[in-house]
Amino acid sequence: MGRDTQRRNSVFPSGKSGALYTAEERRRRDDSVWTIIQGVLAPLQFLVFLVSFGLVIRFLASGEGAFAADASIVIKTLTLYTIMITGSIWEKVVFGRWLFAPAFFWEDVFSMLVLALHTLYLVMLFGAIGSVETRMMVALAAYAAYVINAGQFLLKLRAARLEAPGATALTV
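Note that the structure is a prediction, hence the values are computed from the model and not measured.

*Asks:* It is not clear to me how unusual backbone geometry should be interpreted in this structure. Could you clarify?
*Replies:* What you tend to see is this: most non-glycine residues have negative phi, and most peptide bonds are trans. Of note, phenylalanine 100 is a non-glycine position whose phi angle comes to about 60°, a positive value. Within the secondary structure layout, phenylalanine 100 lies in the loop between helix H4 (66-95) and helix H5 (105-126). For phenylalanine 100, a relative accessible area of 28% corresponds to the partly exposed category. Of note, alanine 128 is a non-glycine position whose phi angle comes to about 50°, a positive value.

Printed below as a string of structure tokens:
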């Protein structure tokens, strides 16, 4: 069984296990500036999400602050686009594929849903489609998908740490 088949079996539900990274992929990951960029952008995007989520909830609860909520969602979406573009560059450097590398296949699939929902929000905003409340509900759906996707990546980060040389089962 080839290396790609073994790794594919580790991310597709088949019952077989495999390493997240080959030794060469781990070296490329550790040597890449894109790893650092992703490490900076991920918590920044989460902070933007938290602020924006609060503004959206404030608008839905009080009817006030629509402009601030809209502006924050646009900023969140631009941050998302940035992390997706840099993330695809990171995947290309580490795995030789722009997206859907076997080790991150399901995270990338779900990321497409997150992108689609954020983009739908922008289309509604700039196309003046639907009510403000409807747009905010689309934003909340996008944010729920984002939280699930962020959880996927955190689990993958934990798995990478656990398989690192010298890692113990207590590593978080």
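*Asks:* For this particular structure, what's the right way to read the packing of aromatic side chains?
*Replies:* A ring pair, where both rings are aromatic, is described by two values, the distance of the centres and the angle of the planes. Overall, the coordinates contain twelve aromatic pairs when judged by the stated rule. Between phenylalanine 49 and tyrosine 143 the ring centres are 5.3 Å apart and the planes differ by 80°, which places this aromatic pair in the edge-to-face class. Here phenylalanine 49 is found in helix H3 (residues 33-62), whereas its partner tyrosine 143 is found in helix H6 (residues 132-163), with 94 residues between them in sequence. Given a relative accessible area of 1%, tyrosine 143 falls into the buried group. Seen in terms of ring centroids, phenylalanine 104 and phenylalanine 153 are 6.1 Å apart; in terms of plane orientation they differ by 20°. Their pairing is stacked. Separated by 49 residues along the polypeptide, phenylalanine 104 in the loop between H4 and H5 and phenylalanine 153 in helix H6 bring together distant segments of the chain.

*Asks:* What is the right way to look at the environment of arginine 29 in this model?
*Replies:* Its location among the elements puts arginine 29 in helix H2 (residues 23-31). Each C-alpha atom, one on arginine 29 and one on glutamate 91, is 8.9 Å from the other, the two residues being 62 residues apart in sequence. The contacts of arginine 29, once residues within four sequence positions are left out, are Tyr21, Thr35, Trp90, Val94 and Ala160.

*Asks:* Hey, could you run me through the packing of H3 against H6 in this one?
*Replies:* In the contact formed by H3 and H6, the axes pass within 11 Å of each other and the chain directions differ by 145°. Once H3 is placed against H6, the crossing between them reads as left-handed. Where H3 abuts H6, its residues Ala42, Gln45, Phe46, Phe49, Ser52, Phe53, Val56, Ile57, Phe59 and Leu60 lie against Val132, Glu133, Met136, Met137, Leu140, Tyr143, Tyr146 and Val147. Across the contact of H3 with H6, the residue classes tally to 15 nonpolar, two polar and one charged.

Definitions and limits used
Residues numbered from 1 in each chain as written. Predicted model: local features only at pLDDT ≥ 70, side-chain atom pairs only at ≥ 80, totals over all residues. Heavy atoms only, no water. Helix = DSSP H or I, 4+ residues; strand = E, 2+ residues; numbered from the N terminus. Buried < 20%, exposed > 50% of the residue type's maximum accessible area, 1.4 Å probe, protein only. Phe/Tyr/Trp six-rings, centres within 6.5 Å; stacked < 30°, edge-to-face > 60°. Contact = heavy atoms within 4.5 Å. Axes fitted to C-alpha atoms, helices over the stretch in contact; angles between N-to-C directions. Left-handed = near helix turned anticlockwise from the far one by under 90°. Nonpolar A, V, L, I, M, F, W, Y, C, P; charged D, E, K, R; others polar.

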